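Report on the structure
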Amino acid sequence: MREPTIALVFSPEPWVERLHRHLADHGGARVRQIVLDPAIALQDDYEILVVSHRWPGLTSAFVAALHARGRAVLGVFDPDEPAGHAHLLALGVDAAVSADAPVSDTVDALHGVEMPSAVASVADRQDSSDGISALPARSQESRARRGAIAIGGLAGAGASEVALAFAVASSSRRRTLLIDAAEEAPSLAPRLGLGLEPSLRSAVDAVVHDLGPLEGALVPVTARLQVIPGFPSTAGASQVLAHEVVHVVGAVTASDRVVVIDVGRASGDIAVAVVREAETLLFVLSGTPIGVSRALTWVAQSRELLADVNVHLVVNRAPRDRFKRAELAHELTRTFNPTAVWWLPADRRVDDAMWRAEPVRRGAFADAVACLADSVTPSTAARPPRATRGATRRSTRRSGRAA
């Protein structure tokens, strides 16, 4: 009996080693390669990809691209995770087996897979050997600067909640796209009750690897607000290069749409790349002396990164007391000259909205973020002037809302 050629996606799961050893010792199929990266899986020559349902590179666009190349996909799911089997079927794999099934059953499944017919769509649109789209990186980067707003901060400061509220407020005036580009603990999908697909990985596949339309990665929230949820896992983020996310930002930036990127902790490779190409950075910190101290430490370590971007410091859960605010503002502007300092009050409606998996639409927090969005959201490509330190302090005393 003819042995099919397979590519086996590397995974620490025990079934991978069992299958590999069985095929090496007893035959049944020939392992052409061990796959680590989706781009390699698309380029090399084999017949069937064998992959775990947990692999972050496994998306519906990726499966469709393999089918277009005449390759089949055999998915392996954990029997203790019933959703894994359903996930594989939703992605369109050709067959699925349980991870605890005898190896002979997996071999039988390999022989029983019906091979798809190759088509000339996706494969013929690859414009370079490394899978990067034909649009030059310089052009992508310059497009990303047209009004893109990055929002990030320190762990626990609430940057993702601010990003969501900012996007909602911005969408009241203009079409807005919110991208969750956090490398660690992306929260947009669980925050809004969204599924694992589509995700930023889907957008990267579409823009960088030309796997399906980019519109398939955009999830509508309201009539004028769409989101691209974050990576399904930290492992998924580790398989994506920072410049690939910048390509996505460049691809979605348009003159009639505001692009907001939640970078989470503003220190990872992706966060740094996005901030470097953004027009504006909203840096979120907690409204305590410790929060201010940590923020100033980050600013001191990131001066080169911040040299060519408008930096707004956003103090979340800020104290009500005007004296405390003035003290915090003095520390924030003593050694650093941000474009402005903004104060967002603590609001129980934020927690209530989290439980309902909805954006915060009213209340003191939502009103304060709306003022921030009205000021920061670009109406033209012109860059607003930086505020002087004296103006910052006078504004703090006068309004107590923005400095």
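Residues numbered from 1 in each chain as written. Predicted model: local features only at pLDDT ≥ 70, side-chain atom pairs only at ≥ 80, totals over all residues. Heavy atoms only, no water.

Some points on the overall build of the protein
Scanning the protein from N- to C-terminus turns up 17 helices and 13 strands. For the protein, the proportion of its 403 residues judged to be buried stands at 55%. By sequence separation, contacts in the protein at least 24 residues apart represent 76% of the contacts at least 6 residues apart. Within the structure as shown, the protein displays about 17900 Å² of accessible surface, and the carbon and sulfur contribution to it stands at 53%. (Helix = DSSP H or I, 4+ residues; strand = E, 2+ residues; numbered from the N terminus. Buried < 20%, exposed > 50% of the residue type's maximum accessible area, 1.4 Å probe, protein only. Contact = heavy atoms within 4.5 Å. Areas by Shrake-Rupley, 256 points an atom, 1.4 Å probe, with all protein chains shown as cover.)

A few points about unusual backbone geometry
In this chain, E197 is followed by P198 through a cis amide linkage whose omega measures -5°. Its place among the elements puts P198 in the loop between α8 (188–192) and α9 (200–208). Positioned with a positive phi, A185 is a non-glycine residue whose angle comes to about 50°. The topology assignment puts A185 in the loop between β7 (175–180) and α8. Taking the relative accessible area as the measure of exposure, A185 reaches 64% and is therefore exposed. Notably, R317 is not glycine yet its phi reads approximately 50°, a positive angle.

As for the confidence of the model for the protein
Taken as a whole, the protein shows an average pLDDT of 83; of its residues, 86% reach a score of 70 or greater. This stretch, residues 380–400, has a pLDDT under 50; its non-local contacts, to residues over four places away or in other chains, come to 40 contacts. (pLDDT = per-residue confidence, 0-100.)

Let's talk about the sheet that holds strand β8 (residues 219–222)
Strands sit in the order β8-β9-β7-β10-β6-β11-β12-β13 across an open sheet of 8 strands; the sheet is mixed. A strand with exactly one partner marks an edge of an open sheet, and here the two such strands are β8 and β13 (340–345). In this sheet, adjacent strand axes meet at a mean angle of 25° when their direction is disregarded. The pairing of β7 with strand β10 (residues 257–265) spans 6 bridges and is classified as parallel. Bridging across to β10, R175 finds its partner in R257. Sitting on the sheet, helix α14 (residues 322–334) is in contact with β11 (280–286), β12 (310–318) and β13, with an inclination near 145° to β13. Helix α16 (residues 364–376) rests against β6 (149–153), β11, β12 and β13 of the sheet, and its axis sits at about 160° to β13. (Pairing = 2+ DSSP bridges. Axes fitted to C-alpha atoms, helices over the stretch in contact; angles between N-to-C directions.)

Some words on the side chain of S199
Looking at where S199 falls in the secondary structure, it is placed in the loop between α8 and α9. Sequence-distant contacts of S199, that is, excluding residues within four places in its chain, are made with A217, I228, P229, G230 and P232.

Topic: the packing of helix α13 (residues 289–301) against α14
How two helices pack is summed up by the angle between their axes together with the distance between the axes. Two elements in contact, α13 and α14, have axes separated by 10 Å at closest approach and are oriented at 10°. One finds that α13 runs roughly parallel with respect to α14. For the pair α13 and α14, the contacting residues are P289, V292 and L296 in the first and L328, E331 and L332 in the second. Tallied by class, the residues present in the contact of α13 with α14 amount to 5 nonpolar, no polar and 1 charged. (Parallel < 35°, antiparallel > 145°, perpendicular 65-115°, else oblique. Nonpolar A, V, L, I, M, F, W, Y, C, P; charged D, E, K, R; others polar.)

Notes on the sheet that holds strand β4 (residues 72–77)
Judged by pairing direction, the sheet is parallel, and its 5 strands sit side by side in the order β2-β1-β3-β4-β5 without closing on themselves. Two strands bound the open sheet, and with one partner strand each, they are β2 (30–35) and β5 (95–98). With strand direction ignored, the average angle separating the axes of adjacent strands in the sheet is 25°. Across the sheet, helix α4 (residues 82–91) is in contact with β4 and β5; its angle to β4 comes to roughly 170°.

What about the pairing of β4?
If a strand is regular, its side chains alternate between the two faces of the sheet. Counting buried residues along β4, 6 of its 6 residues qualify, which places the element largely inside the surrounding structure. Alternating residues of β4 divide into A72, L74 and V76 and V73, G75 and F77, and every residue in both groups is buried. Two strands pair when backbone bridges link them, and strand β3 (residues 48–52) and β4 are joined in this way by 5 bridges, in the parallel orientation. Each residue of the ladder has a partner; that of I48, found in β4, is A72. Taken together, β3, helix α3 (residues 60–68) and β4 constitute a β-α-β crossover, and its handedness is right-handed. (Right-handed = clockwise from strand over helix to strand, strands pointing away.)

Considerations on the packing of helix α7 (residues 159–171) against α16
At their nearest, the axes of α7 and α16 sit 8 Å apart, and the two run at 65° to each other. Between α7 and α16, the interaxial angle falls into the category roughly perpendicular. Relative to α16, α7 is oriented so that their crossing is right-handed. Packed against α7, whose contacting residues are E161, V162, A165, F166, A169 and S170, the element α16 presents F365, V369, A370, L372, A373 and V376 at the interface. Grouping the amino acids of the contact of α7 with α16 by side-chain chemistry returns 10 nonpolar, 1 polar and 1 charged. (Left-handed = near helix turned anticlockwise from the far one by under 90°.)

Observations regarding the packing of aromatic side chains
Here the structure, examined in full by the defined rule, presents 2 aromatic pairs. Geometrically, the ring pair formed by W55 and F62 is edge-to-face, given 5.6 Å between the ring centres and 70° between the ring planes. Per residue, the accessibility class of W55 equals that of F62, and both read buried. Consider the rings of F283 and W298, whose centres lie 4.2 Å apart with planes at 15°: the pair is stacked. Here W298 lies in helix α13 and F283 lies in strand β11, a separation of 15 residues in the sequence. On the basis of relative accessibility, which here comes to 9%, the residue W298 falls in the buried class. R71 extends its terminal NZ or CZ atom over the ring of Y46, reaching a point 4.8 Å from the ring centre. (Phe/Tyr/Trp six-rings, centres within 6.5 Å; stacked < 30°, edge-to-face > 60°. Lys NZ or Arg CZ within 6 Å of the ring centre and 35° of its normal.)

Notes on the pairing of β7
The buried fraction of β7 is high, at 5 of 6 residues. Sheet analysis places β7 next to strand β9 (residues 225–228), joined by 4 bridges and oriented parallel. Residue pairing for β9: L177 is matched across the bridge by Q226.

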